[in-house]
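The chain contents come next:
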Amino acid sequence: MKRILVCVKAVPVSAFVEVDSQHRLKRDGINLQWNAADASALEAALRLAGEDGSVTVLTMGTSKLESPLRELLARGASRAVLITDRRMAGADTQATARVLAAAVKKLGDFDLILCGCKAIDGETGQVPGQLAAALGLPCVSNGETLEADPDGLTITRRLETGTQELRGRTPTVISLCAYSYPLRLPGILGMRRARNIPVEVLNADDLGLLPEQCGLKGSATKVLAMESRFPGMRRGPKETDLTLGAKALGQILREVRP
Amino acid sequence: MKEILVLCPFGADPGLLSKAAALSGGEVRALVPQGETALAAACGAARIVELQAAPIGDEARFAAFLAERIRGWSCPLVLAPATVQMRNIMPMIAWHLKAGLTADCTQLRMEGELLIQTRPAFGNSLMADIRALSPIQMATVRPGTFPPQRGEHPQPGVERLVYCEEERVTLLSYRAFAGGTPLSQAQIVVAGGMGVGSREGFQKLERLADKLGAGLGASRTAVDAGFAPYRCQVGMTGITVCPRLYLAFGISGAVQHLAGMSGSGKIVAVNSDPKAPIFDYADYGIVGDWEALADKLLQEEIL
């Protein structure tokens, strides 16, 4: 496998977040981390690329992501690209896929495009498919393992009730489950190497995109209302006698079962 | 009322078909696999498209094929169950149709000709109302959200649709998980945390889950410790579930775990630590040894 692109997203670390008056996640002042499933995609890419291949990481987000991208270079990526532009704020999955597809075309030919299957903030999982559709490529979602041989790719994919084994060929888009491939740690050599690789920064103009193709304006969906909802405290009664507890639980089971 | 197209190429979703029938006043066109036309009709579908296809591997090609048919039918509203496969196919259809698509909705309502879609995001900590800005409005809907209703259509029209395109991705094999109810569709979830302590402990929970017809869940720490496979993980980096009953054994209640199960109908927590945070989020708590309780439940014959 020669050239692999990995799409990554920075997501809030905290499990509970707030939204602004435009119904956008408040991303300022919160700690960000790379989405777990995207980290798996990067590790899968690094293994497939081996010594002679190249792995490009691509993200869209705030200008503050330059140094987190550098960390991915230290972990083994050979090239890092940041798309950042205020005009892209509030993009839905379609506007996001349009921007990513434009960047993929600009950055060159890739044998394989890997993504995480969904981000823990938006949880839509729609970008990989829409990116594939924009590029006219096949897309396999929810991959658990991914192997390459000279004739193609073998992918195992987790569904609700079982596992599919699929055979594909390059180029293609594949999204991977969280924790399918734990991402390696940065090594001393990697950190040294990362210092000499500049993070490439692109905006809408660089990608030949008009403002109405990006962000809120370029989106096909609109958020009408959003409310934060901390999981409600229920604070039900507590039982310390196991026999009585089992009895009460039996009653609850009878209620919930038809 | 506008027609609603419900795409169920891998198996009819009776709850979603019933909801679509209610929203559209009976104007439902349902795409179902061969042999499921009677089920679609029983849920109120007025027009049924019976799909004839070999096992599908290239979902991108299938999506392009469906997008072309949807143009022909000129359906303004397209729904599908939010299964792994349809959550891959619907975004690609939406791209081809330039349609707005909302993922994994848990509520739907019509406001005039607009479909207002409500979905949870970021665990269950945000609820958003979303509409499409495009002529075609699309959504995937979390399976099990709406109860199936019998509402037989008197004379449904049935047509056949054949899909036999050349595929770039081929399906070699499918292996079903051994036994048990799929976690995302389970009405009861029996879940364990670090407190369960071992793989053997989870085997006991699995026996209990089987007895109750429940799905088996696990916290991230239990999965990390190797007690249960990742596919059982409930929470931010796992699966979000909303069963009628969530039974938490030896789970302390980290916010990341709560995010994946706080939408459950009833939550019962079993933990030996009376101060475990999970008790704050439970409708009923049992303070004590999870295994002793599990043994009791396994012995009970009436359950």
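Going by the structure above, here's the rest.
Structure report, in brief. What you see is a predicted model, and the numbers here were worked out from it, not measured in a lab. (Residues numbered from 1 in each chain as written. Chains lettered and ligands numbered in written order. Predicted model: local features only at pLDDT ≥ 70, side-chain atom pairs only at ≥ 80, totals over all residues. Heavy atoms only, no water.)

Description of the nonpolar core
Within the largest apolar cluster, 61 residues are counted, with the highest numbers of intra-cluster contacts made by Leu 58 of chain A together with Leu 7, Ile 93 and Met 138 of chain B. With near-sequence residues (within four places) excluded, Leu 58 of chain A lies in contact with Leu 5, Val 6, Cys 7, Val 8, Val 81, Ile 83, Leu 100, Ala 103, Val 104 and Leu 107 of chain A. Ranked by size, the runner-up nonpolar core spans 37 residues in total, among them Ala 246 of chain A together with Leu 212, Val 268 and Leu 293 of chain B. (Core = buried A, V, L, I, M, F, W, Y, C linked by side-chain atoms within 4.5 Å. Buried < 20%, exposed > 50% of the residue type's maximum accessible area, 1.4 Å probe, protein only. Contact = heavy atoms within 4.5 Å.)

Side note on the packing of helix α3 (residues 59-73) of chain B against helix α4 (residues 84-97) of chain B
Pairs of packed helices are described in terms of their axes, by the angle between the two and the distance that separates them. Residue and element names in this part refer to chain B. Packing of α3 against α4 brings their axes to within 8 Å, and their N-to-C directions diverge by 50°. Between α3 and α4, the angle is such that the two are oblique. Two packed elements cross with a definite hand, and for α3 against α4 that hand is right-handed. On α4, the residues touching Glu 59, Ala 60, Phe 62, Ala 63, Ala 64, Leu 66, Ala 67, Ile 70 and Arg 71 of α3 are Gln 85, Asn 88, Ile 89, Met 92, Ile 93, His 96 and Leu 97. Within the contact of α3 with α4, the residues separate by chemical class into 11 nonpolar, 3 polar and 2 charged. (Axes fitted to C-alpha atoms, helices over the stretch in contact; angles between N-to-C directions. Helix = DSSP H or I, 4+ residues; strand = E, 2+ residues; numbered from the N terminus. Parallel < 35°, antiparallel > 145°, perpendicular 65-115°, else oblique. Left-handed = near helix turned anticlockwise from the far one by under 90°. Nonpolar A, V, L, I, M, F, W, Y, C, P; charged D, E, K, R; others polar.)

Details of the pairing of strand β7 (residues 114-121) of chain B
Residues and elements named next belong to chain B. Burial analysis of β7 places 7 of its 8 residues in the buried class, which makes it a mostly covered element. Here strand β6 (residues 107-111) runs beside β7; their pairing, made up of 5 bridges, is antiparallel. Paired with Gln 107 across the two strands is Thr 118, which belongs to β7. Hairpin connection from β6 to β7: 2 residues lie between these consecutive antiparallel strands, with Gly 112 at a positive phi of about 65°. Summarising the sheet, β7 and strand β8 (residues 126-132) pair through 5 bridges and their orientation is antiparallel. Paired with Arg 119 across the bridge in β8 is Ala 128. (Pairing = 2+ DSSP bridges.)

Here's the deal with the environment of Gly 250 of chain A
Position of Gly 250 of chain A relative to the elements: it lies in helix α6 (residues 242-256). Residues Gly 250 of chain A and Thr 156 of chain A, 94 residues apart in the sequence, show an inter-C-alpha distance of 40 Å.

Looking at the packing of aromatic side chains
Each aromatic ring pair is specified by the distance between its two centres and by the angle formed by the two planes. Within the structure shown, the criterion is met by 7 aromatic pairs over all chains. With a centroid separation of 5.8 Å and an interplanar angle of 75°, the aromatic rings of Tyr 179 of chain A and Tyr 230 of chain B are classed as edge-to-face. Of the two residues, Tyr 179 of chain A sits in the loop between β10 (172-176) and α5 (188-195) while Tyr 230 of chain B sits in the loop between α6 (220-224) and β14 (245-249), which places them in two different chains. According to the relative accessible area criterion, Tyr 179 of chain A is partly exposed, its value standing at 34%. (Phe/Tyr/Trp six-rings, centres within 6.5 Å; stacked < 30°, edge-to-face > 60°.)

Some remarks on the interface of chain A and chain B
In this complex, chain A contributes 82 residues to the contact, which on the side of chain B involves 93 residues. Carbon and sulfur atoms make up 60% of the area that chain A and chain B hide from each other, which totals about 7900 Å². Counting the contacts that link chain A with chain B gives 3 salt bridges. With a shortest N-O distance of 2.8 Å, Arg 157 of chain A and Glu 59 of chain B are connected by a salt bridge. Connecting chain A to chain B are 38 residue pairs in polar contact (both at pLDDT 80 or more). Sorting the residues of the side of chain A that touches chain B by element identifies α3 (93-107), α4 (127-135), β7 (139-149), β8 (152-158), β9 (162-168), β12 (221-228), β13 (238-239) and α6 of chain A as the ones contributing at least two each. Broken down by element, the residue count for the side of chain A that touches chain B peaks at 13 residues, all from α6 of chain A. Two strands pair when backbone bridges link them, and β12 of chain A and β8 of chain B are joined in this way by 7 bridges, in the antiparallel orientation. Across the sheet, Val 223 of chain A pairs through a bridge with Ile 130 of chain B, a residue of β8 of chain B. (Buried area = accessible area lost by both parts, 1.4 Å probe. Salt bridge = Lys/Arg side-chain N within 4 Å of Asp/Glu carboxyl O. Polar contact = N/O pair within 3.5 Å; in protein donor to acceptor, adjacent residues only side chain to side chain.)

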